[in-house]
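# Inside the fold
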Amino acid sequence: MLDLNAFRVDAGGDPDVARESQRRRGASVDAVTAVVDLDSRWREQLQRIRAVRSEAGAEAASAATAARAPGSSSETRAAAARAKRELADRLNPLEQEERALRGELHRATCRVGALVHEQAPVRPELLALQ
């Protein structure tokens, strides 16, 4: 399985190298496009999760501080517990989607073969197609 950075232009990778390798071996170049698309979707999902955690973390921290304050009421403590549950309720579907995308990405990456050296001969039946 190839390193995902080989498909990420922003990480110095070049998906066209993998596409050419797939073409040289007679395999589908669509597999590379699928990896690039899934990787992009997966990384966007990670950003959404981080944003929710950051936003909710600040809210939860403020509620927890209020709950620990001397003389805090049981209502304040209940509000802190409620904020924690709401965070979990918001994160669970996002994390499930992230896991599903990560699994799809892993399977798609496994469908892309190791890079073929540029000096490797192309299969004869592929030469006839050029």
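Residues numbered from 1 in each chain as written. Predicted model: local features only at pLDDT ≥ 70, side-chain atom pairs only at ≥ 80, totals over all residues. Heavy atoms only, no water.

Let's shift gears to the overall build of the protein chain. From N to C terminus, the protein chain includes four helices and zero strands. Listed N to C, the secondary structure of the protein chain is α-α-α-α in terms of helices and strands. Counting across all 130 residues of the protein chain, residues that qualify as buried make up 30%. Intrachain contacts of the protein chain at a sequence separation of at least 6 include 76% that bridge at least 24 residues. Surface accessibility of the protein chain: about 8400 Å² in total, with carbon and sulfur atoms responsible for 53%. (Helix = DSSP H or I, 4+ residues; strand = E, 2+ residues; numbered from the N terminus. Buried < 20%, exposed > 50% of the residue type's maximum accessible area, 1.4 Å probe, protein only. Contact = heavy atoms within 4.5 Å. Areas by Shrake-Rupley, 256 points an atom, 1.4 Å probe, with all protein chains shown as cover.)

Glancing now at the pattern of salt bridges. Counted under the stated rule, the structure contains eight salt bridges. In this structure, Asp 10 engages Arg 43 in a salt bridge whose closest nitrogen and oxygen atoms are separated by 3.0 Å. Of this pair, Asp 10 sits in the segment before helix H1 (15-25) while Arg 43 sits in helix H2 (residues 30-68), and the two are 33 residues apart along the sequence. Asp 10 sits in the exposed class, given a relative accessible area of 60%. Here Glu 98 makes a salt bridge to Arg 102, at a shortest N to O gap of 2.9 Å. Within this pair, Glu 98 and its partner Arg 102 are both found in helix H3 (residues 74-110), separated by four residues, close to a single helical turn. Residue classification places Glu 98 among the buried positions, given a relative accessible area of 9%. Within this structure, Arg 8, Asp 10, Asp 39 and Arg 43 form a network of salt bridges that share partners. (Salt bridge = Lys/Arg side-chain N within 4 Å of Asp/Glu carboxyl O.)

This paragraph deals with the side chain of Glu 95. The topology assignment puts Glu 95 in helix H3. In contact with Glu 95, not counting residues within four places along its chain, are Ile 49 and Arg 53.

Next up on the list: H1. Those residues of H1 not exposed but buried are Pro 15, Ala 18, Ser 21, Gln 22 and Arg 24. The backbone nitrogen of Asp 16 lies 3.1 Å from a side-chain oxygen of the residue at the head of H1, namely Asp 14. A positive backbone phi angle near 80° is found at Gly 26, which sits one or two residues after H1. (Polar contact = N/O pair within 3.5 Å; in protein donor to acceptor, adjacent residues only side chain to side chain.)

Compared with the 54 Å implied by 1.5 Å per residue over 37 residues, the 53 Å span of H3 between its first and last C-alpha is a close match. Of all the bends in H3, the largest measures some 30° and sits at Leu 91, one to four residues before the proline Pro 93. Among the residues of H3, those classed as buried are Ala 80, Leu 87, Leu 91, Leu 94, Glu 95, Glu 98, Leu 101, Gly 103, Leu 105, Ala 108 and Thr 109. (Expected span 1.5 Å × (residues − 1). Bend = angle between axes of the 7 residues up to and from the residue.)

Everything listed here is a matter of coordinates, which is why it stays silent on function.
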